[in-house]
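Observations on the three-dimensional arrangement
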Amino acid sequence: EFAAAFNKGDAAALARFWTEEADHVDQAGRITRGRKEIEKAYRKLFEEQKGLKLVITVTSFRLVKPDLAIEDGITEIIPADGGLPTVARFSAVHVKSEGQWYIESLRDMVARPPSNFEHLKDLDWLAGEWDDVSSKGEVVRVSYTWMDNQNFLVSSLTASVKDVPVSGSTQWIGWDAAAKKIRSWTFDASGGFSEGVWTGADGKWTIKTTITTREGAKITATNVLSRVDADNFTWHSTQR
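What you see is a predicted model, and the numbers here were worked out from it, not measured in a lab.

1. Re the pairing of strand S5 (residues 86–97)
Sheet topology note: the strand S4 (residues 68–78)/S5 ladder contains ten bridges and is antiparallel. Its bridge partner being in S5, Ala 69 is matched across the sheet by His 94. Bridge analysis of S5 against strand S6 (residues 100–110) gives ten bridges, and the strand direction is antiparallel. Along S6, the bridge assignment pairs Lys 96 with Trp 101. Count of turn residues in the S5/S6 antiparallel hairpin: two residues, of which Glu 98 carries a positive phi of about 50°.

2. Description of unusual backbone geometry
Unlike most non-glycine residues, Gln 150 shows phi in positive territory, near 55°. For Gln 150, the position within the fold is in the loop between strand S8 (138–146) and strand S9 (152–161). Phi is positive for Lys 180, close to 60°, though the residue is something other than glycine. By secondary structure assignment, the location of Lys 180 is in the loop between strand S10 (164–176) and strand S11 (181–188). The class for Lys 180 is exposed, based on a relative accessible area of 59%.

3. Considering the environment of Met 109
With respect to the secondary-structure elements, Met 109 resides in strand S6. Of the residues examined, Met 109 reaches a relative accessible area of 27% and is grouped as partly exposed. In the structure, Met 109 is positioned 21 residues away from Ala 88 in sequence and 5.7 Å away in space, judged by C-alpha atoms. The residues contacting Met 109, other than those within four sequence positions of it, are Gln 27, Ala 88, Arg 89, Phe 90 and Ser 91.

4. Some words on the packing of aromatic side chains
Throughout the structure, instances matching the rule amount to nine aromatic pairs. When the centroid spacing of 4.8 Å and the interplanar angle of 70° are considered together, the rings of Trp 130 and Phe 233 count as edge-to-face. Within this pair, whereas Trp 130 is found in strand S7 (residues 128–133), its partner Phe 233 is found in strand S15 (residues 232–238), the two being separated by 103 residues in sequence. A relative accessible area of 11% means that Trp 130 is categorised as buried. Relative accessible area serves as the criterion here: at 22%, Phe 233 is assigned to the partly exposed category. Members of the aromatic cluster, joined through ring pairs, are Phe 6, Tyr 42 and Phe 46.

Each value, and the rule that gives it
- Residues numbered from 1 in each chain as written.
- Predicted model: local features only at pLDDT ≥ 70, side-chain atom pairs only at ≥ 80, totals over all residues.
- Heavy atoms only, no water.
- Pairing = 2+ DSSP bridges.
- Helix = DSSP H or I, 4+ residues; strand = E, 2+ residues; numbered from the N terminus.
- Buried < 20%, exposed > 50% of the residue type's maximum accessible area, 1.4 Å probe, protein only.
- Contact = heavy atoms within 4.5 Å.
- Phe/Tyr/Trp six-rings, centres within 6.5 Å; stacked < 30°, edge-to-face > 60°.

Okay, structure coming up:
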């Protein structure tokens with residue numbers, strides 16, 4: 001109902017969702033107190049920006065007492081021309097009076113982009129540059145870098161023999177929310193690709209990998225990545 005009133009540009013209807021002594025603090029810290037002042041603020045907004053649309057996504061709701069509730073969520077205000085929305089997090093205190101719920105207090109905050117880092121944090125030690133150099137002139141170099149919002153850990157690998165490049169690959173490691181597992185996708189410089197499912201913790205990971213070569217052949221392998229210390233790890237490919 002609140003979003004519907006907002007989308008109609010009805011400042012008076014929106015104000016009726018608030019208590020008489022309500023307060024609203026915006027992202028900049030500006031405070032608007034009282035239902036009348038809140039209505040004025042809405043009216044000014046709708047006069048300056050016509051056709052705004054509001055989308056509310058509730059992320060949590062807790063009934064503290066029968067007449068007191070706390071709600072958290074995300075708001076998106078979309079301009080009439082379809083441009084980029086203004087996104088904010090919010091936390092609201094609701095009170096119930098004579099069978100009707102009202103907003104007593106609302107705080108807007110800067111929205112934090114969603115991140116799966118919580119599921120990937122056990123791989124954080126990989127971030128950085130790693131070298132494997134043999135006495136025969138074989139060199140493998142791989143780097144791990146976090147992408148935006150730490151949703152993916154991306155590696156870039158190059159292999160050379162006596163300074164002549166022989167292979168390379170790029171790998172994306174992320175969280176599969178459907179399977180509830182860490183998954184990786186690897187793209188080989190030769191034109192092949194693979195997908196892996198990661199299981200493990202505490203610096204030791206088993207990666208069940210399915211590979212498709214550039215010729216279309218299917219290969220499976222179990223790769224094991226083990227952390228030795230802050231500067232060393234081992235990698236084995238088994239059951240190929």
